[in-house]
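Architecture at a glance
Residues per chain, in single letters:
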Amino acid sequence: MSLDPWKVLTGASSSASVIGSNDLTFAKINAAKKALKLFSDHSDVLVKLCLAASEGENSVVKKLLSSTDGEASIINKVEKQGFTPLIYAICFNKSDCVEILINFNADCNLQDGLIGWTPIMWSTYLNFKEIVTQLLNAYADPYLKSNKTRQNAIDLLIPGSE
């Protein structure tokens, strides 16, 4: 039996109330994290890395990235829900983990597979200023447009924010 968490969410009268958030964009990343925990193969290194990044388990992230034996590109892989480890760390405001992932050469301009947002778009949207600064220092492009929404990080700035 195949369970599709997106069908469960869209079948509900209000996906925001199921997730516990009024923000449907953030609800997508929350749902993706829950799907990873519930439905994924926990022996998969990418799943472990994404979950560790979302929880800010820095020592686990370092260990997984150091022990992938030639699989250096795992840091930029997109898991089944459409997100990279870097995007998970950003969305759950784990700035120390973001720094670790950047130091392991995470692609700061890689778009997610669901909305098409880059890491700096997520951090701008969520108003995580420290992470925005980290990404800019790592040469993230705030002008890069999403291939799905045609927005960039500048478009997502909250009026009146720094």
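The structure reproduced in this document is the subject of the present report. Fair warning: this is a prediction, and the values are worked out from it, not measured in the lab. Sequence order as written defines the numbering, with residues in each chain counted from 1. Given that this is a predicted model, residues contribute local features only at a pLDDT of at least 70 and side-chain atom pairs are listed and counted only at 80 or more, while totals for whole chains, interfaces and linings are drawn from all residues. The side-chain figures draw on all heavy atoms in the structure; neither hydrogens nor water molecules are used.

1. A few points about the environment of Val-98
Rule in force here: The numbering of helices and of strands both runs from the N terminus, where a helix is a DSSP run of H or I of at least 4 residues and a strand a run of E of at least 2. Contacts between residues were defined by any pair of non-hydrogen atoms, one from each residue, lying within 4.5 Å.
With respect to the element layout, Val-98 can be found in helix 7 (residues 95–103). The sequence separation of Val-98 and Pro-119 amounts to 21 residues, and the corresponding C-alpha distance is 9.9 Å. The contact partners of Val-98, leaving out residues within four places of it in the chain, are Leu-86, Ala-89, Ile-90, Ile-131 and Gln-134.

2. Details of the side chain of Ser-95
Definition in use: Each residue is placed in one exposure class: buried if its accessible area under a 1.4 Å probe, protein chains only, is under 20% of its type's maximum, exposed if it is over 50%, and partly exposed if it falls in between. Polar contact criterion, stated in full: a pair of N or O atoms within 3.5 Å, where within protein one must be able to donate a hydrogen and the other to accept it, and residues adjacent in sequence count only if both atoms are side-chain atoms.
Along the chain, Ser-95 falls in helix 7. For Ser-95, a relative accessible area of 12% corresponds to the buried category. A polar contact of 3.3 Å, which involves the side chain of Ser-95, links it to the side chain of Glu-130. Once residues lying within four places of it in the same chain are set aside, the contact partners of Ser-95 are Glu-130, Ile-131 and Gln-134.

3. Topic: the packing of helix 3 (residues 24–39) against helix 4 (residues 45–55)
Helix-helix packing is described using two parameters, namely the angle between the two axes and the distance between the axes. Convention followed: The axes used here are C-alpha line fits, helices contributing only the stretch in contact, and every angle between their N-to-C directions lies in the interval 0 to 180 degrees. The scheme is simple: roughly parallel for angles under 35 degrees, roughly antiparallel for over 145, roughly perpendicular for 65 to 115, oblique for anything else. Left-handed describes a crossing whose near helix is turned anticlockwise from the far helix by less than a right angle; the clockwise case is right-handed.
Their axes nearest at 10 Å, the elements helix 3 and helix 4 cross at an angle of 130 degrees. In terms of their interaxial angle, helix 3 and helix 4 are classed as oblique. Here helix 3 and helix 4 pass one another in a crossing that is left-handed. Here helix 3 contributes Lys-33, Leu-36 and Lys-37 to the contact with helix 4, which in turn contributes Val-47, Cys-50, Leu-51, Ser-54 and Glu-55.

4. Some points on the pattern of salt bridges
Rule in force here: Any Lys or Arg side-chain nitrogen found within 4 Å of a carboxyl oxygen on Asp or Glu counts as a salt bridge.
Overall, the coordinates contain two salt bridges when judged by the stated rule. In this structure, Lys-33 engages Glu-55 in a salt bridge whose closest nitrogen and oxygen atoms are separated by 2.7 Å. A residue pair is termed long-range when its members are at least 10 positions apart, and Lys-33 in helix 3 and Glu-55 in helix 4 qualify at 22 residues. Between Lys-37 and Glu-55 there is a salt bridge, with its nearest N and O atoms 3.4 Å apart. Residue Lys-37 is found in helix 3, and its partner Glu-55 is found in helix 4; the two are separated by 18 residues along the sequence. The class of Lys-37 is partly exposed, set by a relative accessible area of 44%. In this structure Glu-55 comes out as partly exposed when scored by relative accessible area, which is 35%. By sharing partners, the salt bridges in this structure join Lys-33, Lys-37 and Glu-55 into a single network.

5. Thoughts on the environment of Pro-142
With respect to the secondary-structure elements, Pro-142 resides in the segment after helix 9 (129–137). Judged by relative accessible area, Pro-142 falls into the buried class, the value being 17%.

6. Some details on helix 3
Our working definition: One less than the residue count of a helix, multiplied by 1.5 Å, gives the span that helix is expected to have.
For helix 3, which comprises 16 residues, the first-to-last C-alpha distance of 21 Å matches the rise-based estimate of 22 Å (1.5 Å per residue) to within 8%. Taken together, the buried positions of helix 3 are occupied by Thr-25, Phe-26, Ala-27, Ile-29, Asn-30, Ala-31, Ala-32, Lys-33, Ala-35 and Leu-36. Its side-chain oxygen 2.9 Å from the backbone nitrogen of Thr-25, Asp-23 forms the N-cap of helix 3.

7. Some points on unusual backbone geometry
Look at Asn-127: it is not a glycine, yet its phi comes out positive at around 60 degrees. Position of Asn-127 among the secondary structure elements: in the loop between helix 8 (119–125) and helix 9. Residue class for Asn-127 comes out partly exposed when judged on its relative accessible area of 32%. One non-glycine residue, Arg-150, lies in the positive phi region at around 65 degrees. Tracing the chain through its elements places Arg-150 in the segment after helix 9. A residue is classified by how much of its surface remains accessible, and Arg-150, at 51% relative accessible area, is exposed.

Geometric values such as these leave the question of function open.
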